[in-house]
Amino acid sequence: MTSAGRFAPSPSGDLHVGNLRTAILAWLFARSTGRAFLLRVEDLDRARAGSEAGQLRDLQAVGVTWDGDVVRQTTRGPLYARAIAGLEQAGLTYECFCTRREIQEAASAPHAPQGAYPGTCRNLGRAELEFKRSTRPAALRLRADVTEFTVHDTLHGEFTGVVDDLVLRRNDGVTAYNLAVVVDDAAQGIDQVVRGGDLLPSTPRQAYLASLLNIPVPEYAHVPLVVNVDGVRLAKRDGAVTLADLATAGADPTRVRDAILESVGLPPGSLDHALESFDPSSLPMEPWTWPGVPGAGA
């Protein structure tokens, strides 16, 4: 199977400049290493009508191309079911009846992050298990046998993070993100994952899960985020940050693309042109403060 990188947006609305910057960097990482570049729509949660088509148009507008057909998670249920069944057969799962609020209010293990699962349902007796089954549907959790796991990141080096008993299948029957992303990457031959730095803390969980499924852990690169003038991660509420809004403000997609390329020290122009100068070791490691509409006031 050909090695590949990928971009995997959730179709919950228009992509903003931060999303587009990550997509461009993922494309540059993949193409500079001779990998294919794939696009996967992570639509397990409710999708917003029309978002996927709009996202694909925006990616093409800034020059991001991909190989093969777009893959959607909602078509891949049998893959997830097989992975979960294997973990169940190995005795590595258990039912969990906790609500999100109960988890947030429970005392976590020392040094565990807020919201890490404290193991409330890990060792329920038969009678208690039967009672809880009668009160609410169960989620399915991984029975982890480690509390932390170390991954290597191309940009950040060794990173050790907390591993808890993460959810594999939600109580509404939907496969959880951490399981789906690991299975999808393996099935698609993705051995390079470039994504936003905010996802680095969850990476040890995913890498540990991959090891249990006998799946090779991909090469990771978590790139700096785009932030607003207050240093907060850029969001659509920050104004003109999507291609549609920026076009209304007078900036076409090529100007947005050029601003993104210049933010990582690359020359403006096509992505193929930028690829000739791309060097991951030269990427700036601090977040990029979005300057607003490209060319405004010039």
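Since the structure is predicted, the reported quantities are computational estimates derived from the model, not experimental observations.

Colleague: Please clarify how the packing of helix α6 (residues 177–187) against helix α7 (residues 203–212) should be interpreted in this entry.
Modeller: The relative placement of two packed helices is expressed as an angle between their axes plus a distance between the axes. Where α6 meets α7, the axes come as close as 10 Å, and the angle between the chain directions of the two elements is 60°. The angle between α6 and α7 places the two elements in the oblique class. Here the hand of the crossing between α6 and α7 comes out right-handed. Taken together, the residues of α7 that come into contact with α6 (itself represented by Y177, N178, L179, V181 and V182) are Q206, L209 and A210. Here the contact of α6 with α7 is composed, by residue class, of 6 nonpolar, 2 polar and no charged.

Colleague: Would you take a moment to explain the packing of helix α1 (residues 17–32) against helix α9 (residues 253–263) for this structure?
Modeller: Closest axis-to-axis distance for the α1/α9 pair is 10 Å, and the angle between their directions is 65°. The pairing of α1 with α9 is recorded here as roughly perpendicular in orientation. Crossing geometry of α1 relative to α9 is assigned as right-handed. The residues of α9 that touch α1, namely those facing V17, L20, R21, I24 and L28, are V256, R257, I260, L261 and S263. Looking at side-chain class alone, the contact of α1 with α9 contains 7 nonpolar, 1 polar and 2 charged residues.

Parameters and conventions
- Residues numbered from 1 in each chain as written.
- Predicted model: local features only at pLDDT ≥ 70, side-chain atom pairs only at ≥ 80, totals over all residues.
- Heavy atoms only, no water.
- Axes fitted to C-alpha atoms, helices over the stretch in contact; angles between N-to-C directions.
- Helix = DSSP H or I, 4+ residues; strand = E, 2+ residues; numbered from the N terminus.
- Parallel < 35°, antiparallel > 145°, perpendicular 65-115°, else oblique.
- Left-handed = near helix turned anticlockwise from the far one by under 90°.
- Contact = heavy atoms within 4.5 Å.
- Nonpolar A, V, L, I, M, F, W, Y, C, P; charged D, E, K, R; others polar.

Remember that the coordinates give geometry; whether it matters functionally is a separate question.
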